[in-house]
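# Geometric and topological summary
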Amino acid sequence: MKFLYALSIFLCFFAGTLQAQESNAPKFGKGLFNLVGQDSSWTMKVGLRFQLLSSSIFSEDHQPEHNFLVRRSRLKFDGYAFSPKLRYKFELGLSNRDMSGTSQFTRNSPRFIMDAVVMWNFYENFELWVGQTKLPGNRERVISSANLETVDRSLLNGEFNIDRDIGLQLHHETNWFGNFITREIVAVSQGEGRNVTSGNEGGHQFTGRVEFLPLGNFKSKGDYTGADLERHENPRLSIGVTYDYNNNAVRERSNLGTYMETDTGFHETDISTFFIDAHLKYRGFSFLGEYADRNADDPIAKNSDGTLTGDIVEVGNALNLQAGILNKSNWQFLGRYTHMELDKEITGRNPVEQYTIGISKYFVGHKLKIQSDISMLDAQTDSNEYMFRLQFELHF
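Rules used in this analysis
Residues numbered from 1 in each chain as written. Predicted model: local features only at pLDDT ≥ 70, side-chain atom pairs only at ≥ 80, totals over all residues. Heavy atoms only, no water. Helix = DSSP H or I, 4+ residues; strand = E, 2+ residues; numbered from the N terminus. Buried < 20%, exposed > 50% of the residue type's maximum accessible area, 1.4 Å probe, protein only. Contact = heavy atoms within 4.5 Å. Polar contact = N/O pair within 3.5 Å; in protein donor to acceptor, adjacent residues only side chain to side chain. Phe/Tyr/Trp six-rings, centres within 6.5 Å; stacked < 30°, edge-to-face > 60°. Pairing = 2+ DSSP bridges. Lys, Arg positive; Asp, Glu negative; His and termini not counted. Salt bridge = Lys/Arg side-chain N within 4 Å of Asp/Glu carboxyl O. Core = buried A, V, L, I, M, F, W, Y, C linked by side-chain atoms within 4.5 Å.

### A word on the environment of arginine 141
Looking at the element boundaries, arginine 141 is found in helix H3 (residues 139-142). Looking at arginine 141, the relative accessible area reads 11%, which means it is buried. Residues arginine 141 and aspartate 223, 82 residues apart in the sequence, show an inter-C-alpha distance of 13 Å. Every residue in contact with arginine 141, bar those within four places of it in the chain, is listed here: Lys134, Arg153, Asn157, Asn161, Asp163 and Arg164. Polar side-chain contacts of arginine 141 include one of 3.4 Å to the side chain of asparagine 161.

### Focus on the packing of aromatic side chains
Per the stated rule, a full pass over the model turns up ten aromatic pairs. Ring geometry for phenylalanine 77 versus phenylalanine 90: centroids 6.1 Å apart, planes at 45°, classification tilted. In this pair, phenylalanine 77 sits in strand S3 (residues 62-81) while phenylalanine 90 sits in strand S4 (residues 83-93), placing the two residues 13 residues apart along the sequence. On the basis of relative accessibility, which here comes to 5%, the residue phenylalanine 77 falls in the buried class. For phenylalanine 90, a relative accessible area of 29% gives the class partly exposed. Look at phenylalanine 105 and tyrosine 259: their rings are 3.8 Å apart centre to centre, the planes differ by 20°, and that puts the pair in the stacked class. Highlighted residues: phenylalanine 105 in the loop between helix H2 (96-99) and strand S5 (113-123) and tyrosine 259 in strand S12 (residues 256-259), separated in sequence by 154 residues. Pair check on accessibility: phenylalanine 105 and tyrosine 259 agree, each one buried.

### With respect to the pairing of strand S18 (residues 308-312)
Walk down a regular strand and you will see the side chains alternate between the two sheet faces. By the bridge criterion, two bridges tie strand S17 (residues 300-302) to S18 in an arrangement that is antiparallel. When the bridges of S18 are listed, isoleucine 300 appears paired with isoleucine 312.

### Observations regarding the pairing of strand S15 (residues 269-282)
As paired elements, strand S10 (residues 236-249) and S15 share twelve bridges and run antiparallel to each other. Pairing of valine 241 across the sheet is with isoleucine 276, part of S15. Pairing of S15 with strand S16 (residues 285-296), which is carried by twelve bridges, proceeds in the antiparallel orientation. Paired with tyrosine 282 across the two strands is phenylalanine 285, which belongs to S16. Taken together, S15 and the strand that follows it, S16, pair antiparallel across an intervening segment of two residues, in which arginine 283 is found at a positive phi of about 50°.

### Re the side chain of lysine 361
The topology assignment puts lysine 361 in strand S21 (residues 352-364). No salt bridge forms around the buried lysine 361; measuring N to O, its nearest opposite-charge neighbour glutamate 149 is 15 Å away. Polar contacts involving the side chain of lysine 361 include one to the main-chain carbonyl oxygen of serine 329, which spans 2.5 Å.

### Regarding the nonpolar core
Counting 13 residues, the largest nonpolar core has Phe160, Phe275, Ala292, Ala318, Met340 and Val352 as its most contacted members. Only helix H4 (155-160) and strand S20 (331-342) provide two or more residues apiece to this core. In this view, phenylalanine 275 contacts Gly137, Asn138, Phe160, Asn161, Ile162, Gly240, Val241, Thr242, Tyr291 and Ala292; residues no more than four positions away in its chain are not counted. Ranked by size, the runner-up nonpolar core spans ten residues in total, among them Phe33, Val46, Leu92 and Phe112.

### Things to note about unusual backbone geometry
Negative phi values dominate among residues other than glycine, just as trans dominates among peptide bonds. Not every positive phi belongs to a glycine, and asparagine 108 is a case in point at roughly 55°. Note on placement: asparagine 108 falls in the loop between H2 and S5. One non-glycine residue, serine 254, lies in positive phi territory at about 70°. Looking at where serine 254 falls in the secondary structure, it is placed in the loop between strand S11 (251-253) and S12. For serine 254, a relative accessible area of 0% gives the class buried.

Structure representation (structure tokens):
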């Protein structure tokens, strides 16, 4: 509560500052307000967004479940400090789901901070990132939840993504010949996810990613937004490959999931995750395909006497394919297929397949939209599970 009180004072201060100045408010979707230092040595854009989600799940084996919630609520700050070559991003998650995951490793405090990162363009096409932000993992995860063409991300992402962590990232872009571009990213991080404050159990996490854009850059960074709202007149394709190695990882899903505790401390094992993805856009058509695979040297946690603790590394693989078409009235129709297969001998879980059809209406791009979908989940049980979702997004 003290944090929210201080945040309210902060916003009121800036609101008062704006009222004292003669300035026009930004266009819708361009932030609540923009600040520029008197000597232009710094800038700050303040933005706010939230998602309202209604979902219903039906199955012959269980009673129907109906939920209505604030799925996400975010407050964002970004700009530059001292020089346009030194950018920053700071994002707070204010909904219950944004803050969930409190534990002894976060000092039992809500996980307000999503991103706190500084990005320094120190030489030509080289940029150094320092702080907490998303690791360069699968494309669907790195795409902001505000810019998805679906109500939410796929089962592949839910199981295999490597999310956010704190550390260093080095980004570089190479222009080869014609329109051919590659992007290279390497990252070294703590390996236990965001907002961890108590020590560093296990080792560190190392991530490398290469992206190939053989047909040139997308418009408006469209390789990291859903739907072809840019309506590319020429086809644009991006292919990405990521390898992530978490040395002596202590959580069930690399830097996510439950900590694997034993009678002597933590079960440590090396976990590797591999992603390959492709994103295509052309004249309102969009396609996103991803494959993920996770392995571990010793996936089963044991006590010192050899007894099982019940914790395991969730090893396996998944495939996600989705395609959408956007008409001239900014209605998009989408289909998605996801197949996920975890190692049954280790996890005890059956392979699952999910089929999804969705529809979206974009009023002001991703800044104001309504999205809906219906999915069927086949988990090789006696009955299938059906899910209906409806979501509204507002983004200042």
